[in-house]
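Residue-level structure breakdown
Residue strings, one per chain:
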Amino acid sequence: MPCITDAFGLSVDGEMVGVVTYGVPASYHLCIGIAGKEEKDNVLELNRLVIKPDVEGKNLASYLVGNSLKMLKNGTYVVSYADTAWSHVGYIYQATNFIYTGLSAKRTDTYQPSGLHPRAYDKNNHSEMRQTRSQKHRYIYLVGDKKTKKLMRSKLKYPILPYPKGDEIRYDTKNPKPIKPIEILVSEKEN
């Protein structure tokens, strides 16, 4: 469950059809890595975005994200990710003028045979095996007026890169599974 500090909903004809939430990122190092120690407390993560799948309407997700960003505190760096394992490129972030800063680092997590989240520790079902963590496209949005954004941009620690392109596949809401398989690695101790 992510830390949520701000939440916004999208209503169509009186029905809640979408939600976007923001919160302090789980990684302290990410907060520092975006714009340095002096800006670490000004970093939020767009950590959840959901639109009801059967709702009629174009661009509802980018409409919700774009309008919610306007309601965040001036001087906020917003980071969000598009998961390559789910074949996501981040077109919603591109449509709402986020800055693209590349892929997250290659990492591994403890393999959990029980099916728990890889970063959860299950003492009854612990494994020495590791699994690859999918890389994610990293996007950053600068909240502020023109002058504030210029100053914030000068403090960014990540390079600003061209937007990635590709075929983005929507979630199958009835049977959600990653598109790319997760690789299980055997530890040296088990060889």
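See the structure printed just above.
Rules used in this analysis
Residues numbered from 1 in each chain as written. Predicted model: local features only at pLDDT ≥ 70, side-chain atom pairs only at ≥ 80, totals over all residues. Heavy atoms only, no water. Buried < 20%, exposed > 50% of the residue type's maximum accessible area, 1.4 Å probe, protein only. Helix = DSSP H or I, 4+ residues; strand = E, 2+ residues; numbered from the N terminus. Contact = heavy atoms within 4.5 Å. Pairing = 2+ DSSP bridges. Polar contact = N/O pair within 3.5 Å; in protein donor to acceptor, adjacent residues only side chain to side chain. Salt bridge = Lys/Arg side-chain N within 4 Å of Asp/Glu carboxyl O.

**Looking at helix α1 (residues 28-35)**
At 3.6 residues per turn, the α-helix brings residues three or four places apart onto the same side. Restricting attention to buried positions, one finds in α1 the residues Leu30, Cys31, Ile32, Ile34 and Ala35. On its buried face, α1 sits against β3 (43-51), β4 (77-83), β8 (136-142) and α4 (146-155). Among the residues trailing α1, Gly36 stands out with phi positive, at a value near 95 degrees.

**Looking at the pairing of β8**
As a general feature of sheets, a regular strand has side chains that alternate between the two faces. Among the 7 residues that make up β8, 6 are buried, leaving the element largely enclosed by the rest of the structure. The sheet contact formed by β4 and β8 spans 7 bridges and is antiparallel. By the bridge assignment, Val79 is partnered in β8 with Ile140. Pairing of strand β5 (residues 99-103) with β8 involves 3 bridges; the strand directions are antiparallel. Each residue of the ladder has a partner; that of Ile99, found in β8, is Ile140.

**With respect to the side chain of Glu39**
Relative to the helices and strands, Glu39 resides in the loop between α1 and β3. With relative accessibility at 11%, the residue Glu39 sits in the buried group. At 2.8 Å, the side chain of Glu39 forms a polar contact with the side chain of Lys155. Among all residues touching Glu39, those that are not within four sequence positions of it are Tyr77 and Lys155.

**Re unusual backbone geometry**
Even without being a glycine, Asp13 presents a positive backbone phi close to 50 degrees. Inspection of the secondary structure assignment puts Asp13 in the loop between β1 (6-12) and β2 (15-23). With a relative accessible area of 81%, Asp13 lands in the exposed category. Phi is positive for Asn97, close to 65 degrees, though the residue is something other than glycine. On the basis of relative accessible area, Asn97 is assigned to the exposed category, the value being 58%.

**What to know about the pattern of salt bridges**
On inspection of all chains with the given rule, the structure shows 4 salt bridges. For the salt bridge of Glu39 with Lys155, the shortest nitrogen-to-oxygen distance reads 2.8 Å. Taken as a pair, Glu39 in the loop between α1 and β3 and Lys155 in helix α4 lie far apart in primary sequence, 116 residues in all. Using a relative accessible area of 25% as the deciding quantity, one classes Lys155 as partly exposed.

Interpretation note: all reported values are geometric properties and have no functional meaning in isolation.
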